[in-house]
Amino acid sequence: MGGKKLHNHNNNNNGAVDTNSNNSNRNGTTTTTTTVKPPPVTLQQSPIINLDRGDPSVFEPYWRKNGGKCTITISGHDSLSYFSDPNSVCWYMEPELQEAIRRVHRVVGNAETEGCHVVAGTGSTVLFQAALYALSTSSSSVAAEPMKVVCAAPYYSQYKEQVELLQSRLYEWGGDAETFDGSAAPFIEVVTSPNNPDGSLREAAVANKTGNGKLIHDLAYYWPNYTPITRPADYDIMLFTLTKCTGHAGSRIGWALVKDVEVAKKMTTFMQITTIGVSKDSQLRAAKILDVVAEDCEQHAADKTFFGESRKLMAERWEKLREAVKDKKDVFTLPKYPKRYCNFSGRYFQPAPGKKNISSNVMYCVVRT
């Protein structure tokens, strides 16, 4: 057919249409070409910002430059057995990982490991569950009412979810520790320091007042890339995770420093029943990473280490955020942190928490980095 041909490049945008009829083919017919201009990009107006999941890929540039030091080789005949050290309380834990954990804490000075048993977990989340099991089954009140689990608000939202997930008869969520009356029955208080989500340094809110509470200290962010290290933490149960320490969330490695050997045994039993230990491949990789970090700290000035460089990065991100909202003080508010002396770096600096709290009159959100 010798009529007009229309080539409509429709990309499903509601943009303007330009028509050009000046092109002719060999048969003398005219071809009309239509192009669609996309509309201008505009931001959607919404009072809700979805920041539900965090991913610590912020440290990826550092490890791209330095990650070659962390390479390990795992042969086909490695890691066949369930057991790593049958004579240890945590029998599935690789000795290399335990040594690396003690070494990095000793170099950084953020936790006392002397006299503590180390229990490994698939991240610190499962170790939190293991600690709840151990503490709620370590007294004669097991057959009584479930132990209340409390934490001072604002608290990590998944604490409540993790406590309620299994609907256990051993423990149940008790809410805000600040308003909890702990004088009647035993309870478990979770102390997160630096706190998630507001970055504040905390001590027990209710257990220290009543004397009958059991404590779990979540110290995931107590590293010098987030906050000044003012003293070695020294508590009955201390939880840490490779995710926050070095950013290797995908390796799923966490550890607990536990003073009471019976509690450590019960936590290990929980791990045995639920996961039959922790991946040896992940343990060996984590051990290598922690050894590289510790050696770096031993051989270089603090600012030239992983913690020094990542602290600078976190501080820069906080500065950008403050700059972005400085003219919107009537809408957004950011917390202010006092400078503290860091024993690791030998200087004063402001905390740069891994979670950024933004409060406003239309929303309350946490920016995870």
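Residues numbered from 1 in each chain as written. Predicted model: local features only at pLDDT ≥ 70, side-chain atom pairs only at ≥ 80, totals over all residues. Heavy atoms only, no water.

Here we come to the overall build of the protein chain. Helix and strand counts for the protein chain come out as nine helices and 15 strands. Counting only residues that meet the buried cut, the protein chain has 44% of its 369 residues in that class. In the protein chain, the share of contacts with a sequence separation of at least 24, taken over all contacts with a separation of at least 6, comes to 68%. When the accessible surface of the protein chain is split by element, carbon and sulfur atoms take 49% of a total near 19,800 Å². (Helix = DSSP H or I, 4+ residues; strand = E, 2+ residues; numbered from the N terminus. Buried < 20%, exposed > 50% of the residue type's maximum accessible area, 1.4 Å probe, protein only. Contact = heavy atoms within 4.5 Å. Areas by Shrake-Rupley, 256 points an atom, 1.4 Å probe, with all protein chains shown as cover.)

The subject of this paragraph is the side chain of His217. Take His217: it is sitting in strand β8 (residues 213–218). The class of His217 is buried, set by a relative accessible area of 3%. Not counting chain neighbours up to four residues away, the residues in contact with His217 comprise Val191, Tyr235, Ile237, Met238 and Leu239.

Turning our attention to the sheet that holds strand β9 (residues 237–241). Strands sit in the order β4-β10-β9-β8-β7-β5-β6 across an open sheet of seven strands; the sheet is mixed. Two strands close off the open sheet at either side, each with one partner strand: β4 (117–121) and β6 (171–176). Across the sheet, the mean angle from the axis of one strand to that of its neighbour is 25°, orientation sign disregarded. Bridge count between β8 and β9: two bridges; the pairing is parallel. When the bridges of β9 are listed, Asp218 appears paired with Leu239. Each of β4, β9 and β10 (254–258) is contacted by helix α2 (residues 95–108), which is oriented at about 115° to β4, the strand it contacts most. Strands β5 (147–151), β6, β7 (187–192) and β8 of the sheet are contacted by helix α4 (residues 157–165), whose axis makes an angle of about 155° with β6. (Pairing = 2+ DSSP bridges. Axes fitted to C-alpha atoms, helices over the stretch in contact; angles between N-to-C directions.)

A word on the packing of helix α3 (residues 123–136) against helix α7 (residues 261–275). With their axes 8 Å apart at the nearest point, α3 and α7 run at an angle of 125° to one another. Taken together, the axes of α3 and α7 are oblique relative to one another. Here α3 and α7 pass one another in a crossing that is right-handed. Residue-level contacts link Val126, Leu127, Gln129, Ala130, Ala131, Tyr133, Ala134 and Leu135 of α3 to Val263, Lys266, Met267, Phe270 and Met271 of α7. Across the contact of α3 with α7, the residue classes break down as 11 nonpolar, one polar and one charged. (Parallel < 35°, antiparallel > 145°, perpendicular 65-115°, else oblique. Left-handed = near helix turned anticlockwise from the far one by under 90°. Nonpolar A, V, L, I, M, F, W, Y, C, P; charged D, E, K, R; others polar.)

Bringing helix α9 (residues 306–325) into the picture now. For α9, which comprises 20 residues, the first-to-last C-alpha distance of 29 Å matches the rise-based estimate of 28 Å (1.5 Å per residue) to within 8%. The complete set of buried residues in α9 reads Phe306, Phe307, Gly308, Ser310, Arg311, Met314, Trp318, Leu321 and Val325. (Expected span 1.5 Å × (residues − 1).)

Note: most residues except glycine have negative phi, and most peptide bonds are trans. Put simply, Ala153 and Pro154 share a cis peptide bond, and its omega is -5°. Looking at the secondary structure, you find Pro154 in the loop between β5 and α4. Phi at Ser79 is positive, roughly 60°, even though this residue is not glycine. At Arg252, a position not held by glycine, the phi torsion is positive, near 50°.

With the rule as written, the count across this model stands at 11 salt bridges. Across the pair Glu60 and Arg64 runs a salt bridge, and its minimum N-O distance is 2.8 Å. A residue pair is termed a helical-turn pair when its members lie 3 or 4 positions apart in one helix, as Glu60 and Arg64 do in helix α1 (residues 60–66) at four residues. Looking at Glu60, the relative accessible area reads 37%, which means it is partly exposed. Relative accessible area serves as the criterion here: at 68%, Arg64 is assigned to the exposed category. Residue Arg347 is joined to Asp303 by a salt bridge in which the shortest nitrogen-to-oxygen separation is 2.8 Å. Of the two residues, Arg347 is situated in strand β13 (residues 347–349) and Asp303 in the loop between α8 (280–299) and α9; the sequence distance between them amounts to 44 residues. Owing to a relative accessible area of 32%, Asp303 belongs among the partly exposed residues under this scheme. (Salt bridge = Lys/Arg side-chain N within 4 Å of Asp/Glu carboxyl O.)

The subject of this paragraph is the pairing of β9. A large share of β9 lies buried, amounting to five of its five residues. Residues Ile237, Leu239 and Thr241 point to one face of β9 and Met238 and Phe240 to the other, with burial holding for every one of them. Sheet analysis places β9 next to β10, joined by five bridges and oriented antiparallel. Residue pairing in the sheet places Met238 in a bridge with Leu257 of β10.

Turning next to the packing of aromatic side chains. One pair of aromatic rings is described through two measures. These are the centre distance and the angle between the planes. With the rule as written, the count across this model stands at 20 aromatic pairs. The interplanar angle of 65° and the centroid separation of 5.2 Å between the aromatic rings of Tyr62 and Phe306 together place this pair among those described as edge-to-face. With Tyr62 in helix α1 and Phe306 in helix α9, this residue pair connects regions lying 244 residues apart in the sequence. Here Tyr62 and Phe306 have matching classes, each one buried. (Phe/Tyr/Trp six-rings, centres within 6.5 Å; stacked < 30°, edge-to-face > 60°.)

For α7, which comprises 15 residues, the first-to-last C-alpha distance of 21 Å matches the rise-based estimate of 21 Å (1.5 Å per residue) to within 8%. Of all the positions in α7, only Val263, Ala264, Met267, Thr268, Phe270 and Met271 are classed as buried. End-on view of α7: buried residues confined to an arc of 155°, all on one side of the axis. For α7, the N-terminal cap is Asp260; the gap from its side-chain oxygen to the backbone nitrogen of Glu262 is 2.8 Å. Within two residues after α7, Ile276 carries a phi angle of roughly 50°, on the positive side. (Arc of directions from axis to C-beta. Polar contact = N/O pair within 3.5 Å; in protein donor to acceptor, adjacent residues only side chain to side chain.)

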